Amino acid sequence: MNLEFSPEELAFRDEVRAFIEENYPDHLRNIGLREDLGREDMLAWHKILGEKGWSVPAWPVEYGGAGWTPTQRYIWSEENARVNAIMPLPFGVSMVAPVIYSFGSDALKEQHLPGIRSGDVWWCQGYSEPGAGSDLASLKTTAVRDGDHYVINGQKTWTTLAQYADWGFFLCRTDPDAARPQEGISFILVDMKTPGIEVRPIKLIDGGYEVNETWLTDVRVPVDNLVGEENKGWTYAKFLLAHERSGIAGVARSKRGVEQLREIAKTETLDGEPLISDFDFARKVSQLEIDLAALEITELRTLAGEQAGRGPGPESSILKIKGTEIQQRLTELTLEAVGHYGTPYYRAVADAGSNEYPIGPDYAQHSAATYFNMRKTSIYGGSNEIQRNIITKMILGL
Amino acid sequence: MDFNFTEEQGMVRDSLARLVREQYDFDTRRSVVESESGWRPEIWAQLAELGLLGMPFSEADGGFGGSAVDSLIVMEEFGKGLVVEPFVSTVVCAGGFLKHAGSDAQKADHLAGIIDGSRVFAFAYAEPRGRYDLADLETTAKRNGDGYLLSGHKAVVIGAPWASHLIVTARTSGDRRDREGISVFNVPKDADGVTTRDYPTVDGRRASEVYFENVAVPADSLIGEEGTALPLIERVVDEAIAAQCAEACGAMKVAHDMTVEYSRQRKQFGAAIGSFQVLQHRMVDMFMEYEQSVSMTYLATLRLDDEEQERKRAVASAKVRVGQAAHHIGQEAVQIHGGMGMTDELAIGHYFKRLTIFDSEFGNVDHHMKRHVSLSAAA
Ligand SMILES: Cc1cc2nc3c(=O)[nH]c(=O)nc-3n(C[C@H](O)[C@H](O)[C@H](O)COP(=O)(O)OP(=O)(O)OC[C@H]3O[C@@H](n4cnc5c(N)ncnc54)[C@H](O)[C@@H]3O)c2cc1C
Ligand SMILES: Cc1cc2nc3c(=O)[nH]c(=O)nc-3n(C[C@H](O)[C@H](O)[C@H](O)COP(=O)(O)OP(=O)(O)OC[C@H]3O[C@@H](n4cnc5c(N)ncnc54)[C@H](O)[C@@H]3O)c2cc1C
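The rules we used
- Residues numbered from 1 in each chain as written.
- Chains lettered and ligands numbered in written order.
- Predicted model: local features only at pLDDT ≥ 70, side-chain atom pairs only at ≥ 80, totals over all residues.
- Heavy atoms only, no water.
- Pairing = 2+ DSSP bridges.
- Helix = DSSP H or I, 4+ residues; strand = E, 2+ residues; numbered from the N terminus.
- Salt bridge = Lys/Arg side-chain N within 4 Å of Asp/Glu carboxyl O.
- Buried < 20%, exposed > 50% of the residue type's maximum accessible area, 1.4 Å probe, protein only.
- Axes fitted to C-alpha atoms, helices over the stretch in contact; angles between N-to-C directions.
- Parallel < 35°, antiparallel > 145°, perpendicular 65-115°, else oblique.
- Left-handed = near helix turned anticlockwise from the far one by under 90°.
- Contact = heavy atoms within 4.5 Å.
- Nonpolar A, V, L, I, M, F, W, Y, C, P; charged D, E, K, R; others polar.
- Disulfide = S-S within 2.5 Å.

So what's going on with the pairing of strand β7 (residues 206-217) of chain B? Which residues, and what values?
Residue and element names in this part refer to chain B. Note: strand β3 (residues 147-158) against β7, eight bridges, orientation antiparallel. Looking across to β7, one finds that L149 is bridged to A216. In this structure, strand β6 (residues 194-200) lies alongside β7, joined through seven bridges in antiparallel fashion. Paired with Y199 across the bridge in β7 is A207.

Given below as structure tokens:
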């Protein structure tokens, strides 16, 4: 056992760091995941990485993956977090692509993988429905064969960033009479410009619009857009969710977040001293760092397991639960650190097109919105209750 | 021992509850919060008509001879409806300063306006660098002939856009954070040299950054004695905290009820999610947090007129307990609502936001925990 980087790994780190320094767009530095970013902002870095061949490092090399070891991938996310880089969105890169290259036809691989790799094609995930959230298998959206097309009807919801999406991957019911609801579901790729698709924005509590309702009315999709076998979509969906969950741990980003929290706590004062020298506050930051260290090593152990050929299994639920709890605690503490200046509703001030001086310190501006927004992380991607149910069943065997 | 409300208090509660139910439903609140003015002066006038704005003042002062328990009743109902109108800053804070330390002339001048609803106050006490320390003041008031010259910057002054007057804490002598040398002034918002930057808050209210640049105020704008106002400020802030704890209790009650109700309706896996024991127990925990908060709010309210140390300990205890409960209940309510809890459309997220900001008003959990520790050490 050994936690130190080898000389090769250190050289790799320097190479990566230099590349990021030279190529990461200046105007997108340190803005993190602010919700007022547009499509071009969110894709800018992805496109630069696409040209370099670094946009999809985890894919198999034959499809354009970088062939990096888990340690290299870890170094990669650390270095990106240093500038709070806007990383490629997961829907294409780490969700649909692994399904396509693992189960899709050669035609689908040729059609879709290049656009995902380059960052030219934006994907969204059409799983959830108003009546099918945690109980995803109860979904009702139907896809009915009509010659060489499926005709899709139904309503999806919570479709993240569908307002920008070129393509979506949808779970649809193709056999309403299957013995178990899981057995009649198919995984279908849909061009979002197909007639019959309507995307309606949903406003969230932080004031942003990142999710949508997606209505599908007689949407005709070529049968060739089916991934894998008909009625086997549940298997692919579960495979994908395990991938989604490991990305969700967000260790590197949280580490950067803790650094920023410390910076804030050095600037804010309590009794005339920096807030960070207050034991109560410092203790909470330390607790967070300790929890984060535990999560980090747990993730590295999982990655090493993957390297040894054990795909992400139910253990990824641990990463999802602990990673999101840490993200939520981090944003809660950041809001606490800024004191009174967590109260102004900065988005309304910004929307008013105000060119006046800012209210309070810069670092306070998104603290409340980010805290409110991050409550989503224990709900989406299979809620933390569902993750605990998975561990109960799959690991504890209860 | 008696935890009952009087018959009169019961009637006040009922009529206010009806007003909130009928005229302050969630959709109405939303449109008011998003409107240009951000509040409803006509509701304020109705509150005055019902006598609610005069309740905590003695009959000699033109009020109804009530007590802090009356403010508790009002604020609990306010919390249930997420009412934004400035009862705490106007009635509890400004009213409190005038009641405890105002001269007869000052009372005559302002209390009638508070009671009849024509005069609205904001309480400008917080500063950008002072965090929650009431004595950490950089705003100064210098002698200027008979009067004073005020200079400084007050941060996130809740309700200031609606106010005609500001109660301002300032340093008349001493250094930043000295406990001596602090005074309280009543300043008309339209006084020369006062500028404001108004904005909405994340929990649906309005606030301002308020700047004082050599604002000349006459001698009789000083409330109480010059230089020794800290104990007075602490007392009024404790009264405001008790009132806001009551508001948080109201909001927690509704957030909990809504969550239980939602868990009965929402079906997943062929069952109401409320039938899953893991959620049941968490709603039980929320319920216990709420009940403990009500208890601590009663304790704080009933100790407000006690000896100073008793009062401070009770209020600090309440703010810690209710602040923790507010976080817990707000977060759990959103979580159990799933994706719907994240939407602006449902009321639950707005209760969560109000409960979040509650903690940072007049000192958060850590601040009041420290206060409790030092009071206990001193005892
Ligand atoms: C911001 C955001 C973005 C999203 N993005 C997408 C997206 O891009 N694509 C997509 O398809 N979906 C997306 N989702 C949907 C997300 O996957 C669902 O919200 C999630 O699966 C939970 O479903 P639900 O909201 O219907 O909650 P419900 O299933 O109604 O759950 C409500 C509560 O009950 C609990 N619960 C339910 N069942 C059980 C049980 N058996 N045991 C214990 N507790 C239980 C849940 O944990 C939760 O606390 C997004 C959601 C959000 C909030
Ligand atoms: C120190 C001590 C003194 C005692 N004194 C007395 C006495 O004077 N007289 C007397 O009659 N008994 C006495 N008891 C017994 C006591 O009442 C039982 O221990 C208690 O009722 C729990 O029963 P059990 O130990 O069989 O645990 P179990 O019933 O087997 O429970 C094991 C665990 O499962 C949990 N559990 C069980 N059912 C559920 C459910 N439906 N939902 C969720 N969780 C559940 C329990 O909470 C517990 O955590 C005493 C016990 C102790 C430890």
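I'd love a proper account of the pattern of salt bridges, names of residues and values included.
Residue and element names in this part refer to chain B. In the structure shown here, the tally under the stated rule is 57 salt bridges over all chains. Measuring nitrogen to oxygen at the nearest pair gives 3.7 Å for the salt bridge that ties R13 to E76. With R13 in helix α1 (residues 7-23) and E76 in helix α4 (residues 68-81), the pair connects residues that are 63 residues apart, well separated along the chain. A salt bridge links D136 to R176; the shortest N-O distance between them is 2.6 Å. Of this pair, D136 sits in the loop between β1 (121-124) and β2 (140-144) while R176 sits in the loop between β4 (165-171) and β5 (182-188), and the two are 40 residues apart along the sequence. Judged by relative accessible area, D136 falls into the buried class, the value being 2%. Via salt bridges that share partners, D203, R205, E247, R354 and E361 belong to a single interconnected network.

Requested: an account of the packing of helix α4 (residues 90-103) of chain A against helix α5 (residues 106-118) of chain A, with residues and values cited.
All names here are of chain A. Interaxial distance between α4 and α5 falls to 10 Å at its minimum, and their mutual angle equals 160 degrees. The angle between α4 and α5 places the two elements in the roughly antiparallel class. Every pair of crossing elements has a handedness; the one defined by α4 and α5 is left-handed. Here G92, V93, V96, A97, I100 and Y101 of α4 lie close against α5, whose contacting residues are L108, K109, H112, L113 and I116. Its residues assigned to classes, the contact of α4 with α5 shows eight nonpolar, two polar and one charged.

Break down the state of the cysteines for me, with residues and values.
Enumeration over the complete set of coordinates arrives at zero disulfides over all chains. In this structure C245 of chain B is a free cysteine whose sulfur lies 6.8 Å from that of C249 of chain B, the closest cysteine sulfur available.

Can you lay out unusual backbone geometry for me, pointing to particular residues and giving the numbers?
In this model, D218 of chain A sits at a positive phi of 45 degrees, which is unusual for a non-glycine residue. Mapped onto the elements, D218 of chain A comes out in strand β7 (residues 211-222). Positive phi is not limited to glycine here, since V156 of chain B has a value of about 45 degrees. Structurally, the position occupied by V156 of chain B is in strand β3.

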